[in-house]
Amino acid sequence: MVSTNTQVTQIVLPGTVEPGELQIHRRPLPVPAPGQALLQMEATGVSRAEQGMRRGIHRGQPAFPFVPGFDVVGRVVAVGPATDPGLVGRRYAAITETGSWSSHLVVEANSLVPVPDTLDAAAVETVLSHAVAAWQMLHRIAVVAPGQSIVVTDAGGGFGAALVQLGRHAGLRVIAIAPAHEHARLRHEGALPLDCFAPDLVGRAQELLPDGAAAVFTHVGGERLVKCWSLVGRGGTLVLYFSLSTSNDVEPGLWPAAWDTARLRLWSLMPNGRRARAFALCGGRLRSRRRRQWWHQDAGQVLELLGQGVLKPRIAARFPLSETDLALTLAESPDVSGKVVIVPDE
């Protein structure tokens, strides 16, 4: 159904404020330019990106004030000139990086990925960016093969859950590092869990990997990155992903990330048959032809796996757009498990 609204409701982040200080703005409905589409939001969410933006440490975030929102699922209600009118009324997903905490938003039409009406919008939102990133890290960056072993260091998070599920689907042996309360779920999904707080964690992982891992995936830099490198076997790949956060989630600025990047390059130059790579889902901001092709191909694959039940979304809660402050508060709670999703107000 095409929206008849004449105003857009936006959640604005005015600065480095507490969640309760988010602002609700209402403005005239934007008009899409050539090559753009106006999307009516059906689901968006709270990820590490928005949590970092609130603290002013997310790499590449715009100047305050701005509307956060990394990705979105919605229905096209209007298109700009010279844009396919057949998009109107259909359901799509998009990576926006910012702007999705809004009842309506303008997106580039060539970034839209079709979403079947049979899929729950919140479920799509929950797995979208995490699973596409996980798919690309597994199959485009590390290029793993069935029967190989991988290590996922943040198996309790959104990226980690997607890496575990997609890794098992690809026939991989998955060693999943996570807090103890996540272990039952990880065993059920076919992974071998290790306690992230164990004092002898690296040693225990090495016992399970006498020849090293084909790939190790981590989102934390610094000394933990060095420990992850020690688990990579000959011919294997270390992948540091920071598409939704700074390298350490604490220090603002570029120095920690620059030091991690230098380490990765140095390690890859060493004659030991191992590689180290940095990965960002929005590298090139989806503007290059190759990145757009990857996005369309891999998002389509992910949505198909979601429909088949291979990917199992973990939705912690759903909040209406007007209660985004409560959604952000819950998402930042250390006890939350799963994705906090934002949906339209009724």
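The structure displayed is predicted, hence computed values, not measured ones. (Residues numbered from 1 in each chain as written. Predicted model: local features only at pLDDT ≥ 70, side-chain atom pairs only at ≥ 80, totals over all residues. Heavy atoms only, no water.)

(A) Quick look at helix H2 (residues 121–142). The end-to-end C-alpha distance of H2, which contains 22 residues, comes to 30 Å, matching closely the 32 Å that a straight helix rising 1.5 Å per residue would cover. Residue leucine 128 marks the point of greatest curvature in H2, where the axis turns by about 40 degrees. For H2, a buried count of 20 out of 22 residues is recorded, marking the element as mostly surrounded by other parts of the structure. (Helix = DSSP H or I, 4+ residues; strand = E, 2+ residues; numbered from the N terminus. Expected span 1.5 Å × (residues − 1). Bend = angle between axes of the 7 residues up to and from the residue. Buried < 20%, exposed > 50% of the residue type's maximum accessible area, 1.4 Å probe, protein only.)

(B) Local environment of the pairing of strand S5 (residues 91–95). Taken across its 5 residues, S5 has 5 buried, putting it largely inside the fold. The two faces of S5 match: Arg91, Ala93 and Ile95 on one face and Tyr92 and Ala94 on the other face are all buried. The pairing of S5 with strand S7 (residues 113–114) spans 2 bridges and is antiparallel. When the bridges of S7 are listed, tyrosine 92 appears paired with proline 114. (Pairing = 2+ DSSP bridges.)

(C) Representation of unusual backbone geometry within the structure. Backbone torsion omega between phenylalanine 64 and proline 65 reads -5 degrees, so that peptide bond is classified as cis. As for its placement among the helices and strands, proline 65 is situated in the loop between helix H1 (48–55) and strand S4 (71–79). In this model, alanine 82 sits at a positive phi of 60 degrees, which is unusual for a non-glycine residue. For alanine 82, the position within the fold is in the loop between S4 and S5. Its identity is not glycine, yet glutamate 97 carries a phi of approximately 70 degrees, on the positive side. Structurally, glutamate 97 can be placed in the loop between S5 and strand S6 (104–108).

(D) Highlighting the side chain of glutamine 36. You can see glutamine 36 is positioned in strand S3 (residues 36–46). Glutamine 36 sits in the buried class, given a relative accessible area of 18%. A polar contact is formed between the side chain of glutamine 36 and the backbone nitrogen of alanine 33, at a distance of 2.8 Å. Side-chain polar atoms of glutamine 36 contact the side chain of glutamate 108, separated by 3.1 Å. Residue contacts for glutamine 36: discarding those within four places in its chain leaves Val79, Gly80, Thr83, Val106, Val107, Glu108 and Ala109. (Polar contact = N/O pair within 3.5 Å; in protein donor to acceptor, adjacent residues only side chain to side chain. Contact = heavy atoms within 4.5 Å.)

(E) The arrangement of the nonpolar core in detail. Counting residues in hydrophobic clusters, the biggest one holds 86 residues, and the most contacted among them are Leu112, Met137, Ile150 and Phe217. By residue number, the principal contributor to this core is H2, which donates 15 residues. Residues within four places of phenylalanine 217 in sequence aside, it is in contact with Met137, Leu138, Ala142, Ile150, Val151, Val152, Thr153, Leu163, Val239 and Tyr241. Core analysis: the second largest hydrophobic core is formed by 20 residues, Ile177, Val216, Cys228 and Ala276 among them. (Core = buried A, V, L, I, M, F, W, Y, C linked by side-chain atoms within 4.5 Å.)

(F) Structural context of the sheet that holds strand S9 (residues 173–178). With respect to topology, 6 strands assemble into an open sheet ordered S10-S9-S8-S11-S12-S13, the strand pairing being parallel. This sheet does not close on itself; its edge strands, each paired only once, are strand S10 (192–195) and strand S13 (275–279). Neighbour-to-neighbour, the strand axes of the sheet open up by a mean angle of 20 degrees, direction not taken into account. Contacts from H2 reach strand S8 (149–152), strand S11 (213–218), strand S12 (232–241) and S13 within the one sheet, and its direction differs from that of S13 by about 145 degrees. Contacts from helix H3 (residues 158–169) reach S8, S9, S11 and S12 within the one sheet, and its direction differs from that of S9 by about 165 degrees. (Axes fitted to C-alpha atoms, helices over the stretch in contact; angles between N-to-C directions.)

(G) View of the packing of aromatic side chains. The tally for this structure, following the rule as stated, stands at 3 aromatic pairs. Plain terms: the ring middles of phenylalanine 64 and phenylalanine 66 are 5.5 Å apart, the flat faces sit at 20 degrees to each other, and that makes the pair stacked. Between arginine 274 and the ring centre of tryptophan 229, over which it is positioned, the NZ or CZ distance is 4.1 Å. (Phe/Tyr/Trp six-rings, centres within 6.5 Å; stacked < 30°, edge-to-face > 60°. Lys NZ or Arg CZ within 6 Å of the ring centre and 35° of its normal.)

(H) Here's a closer look at the packing of H2 against helix H8 (residues 289–308). In contact at an axis separation of 9 Å, H2 and H8 are set at 120 degrees when each is read in the N-to-C sense. With respect to each other, H2 and H8 are oriented oblique. Crossing handedness for the pair H2 and H8: right-handed. Of the residues in H8, those in contact with Ala123, Val124, Val127, Leu128, Ala131, Val132, Trp135, Gln136, Arg140 and Ile141 of H2 are Arg291, Trp294, Trp295, Gln297, Asp298, Ala299, Gln301, Val302, Leu303, Leu305 and Leu306. A class-by-class count of the residues in the contact of H2 with H8 yields 15 nonpolar, 3 polar and 3 charged. (Parallel < 35°, antiparallel > 145°, perpendicular 65-115°, else oblique. Left-handed = near helix turned anticlockwise from the far one by under 90°. Nonpolar A, V, L, I, M, F, W, Y, C, P; charged D, E, K, R; others polar.)

(I) Representation of the confidence of the model for the chain in the model. For the chain, the mean per-residue pLDDT works out to 91, and 93% of the residues sit at or above 70. Long-range and interchain partners of residues 243–252, a stretch whose pLDDT sits below 50, account for 38 contacts in this model, where long-range means more than four residues apart. (pLDDT = per-residue confidence, 0-100.)

(J) Main features of the state of the cysteines. Scanning the model with the defined rule gives 0 disulfides in all. You can see cysteine 228 has no disulfide; the closest cysteine sulfur is in cysteine 196, sitting 12 Å from it. (Disulfide = S-S within 2.5 Å.)

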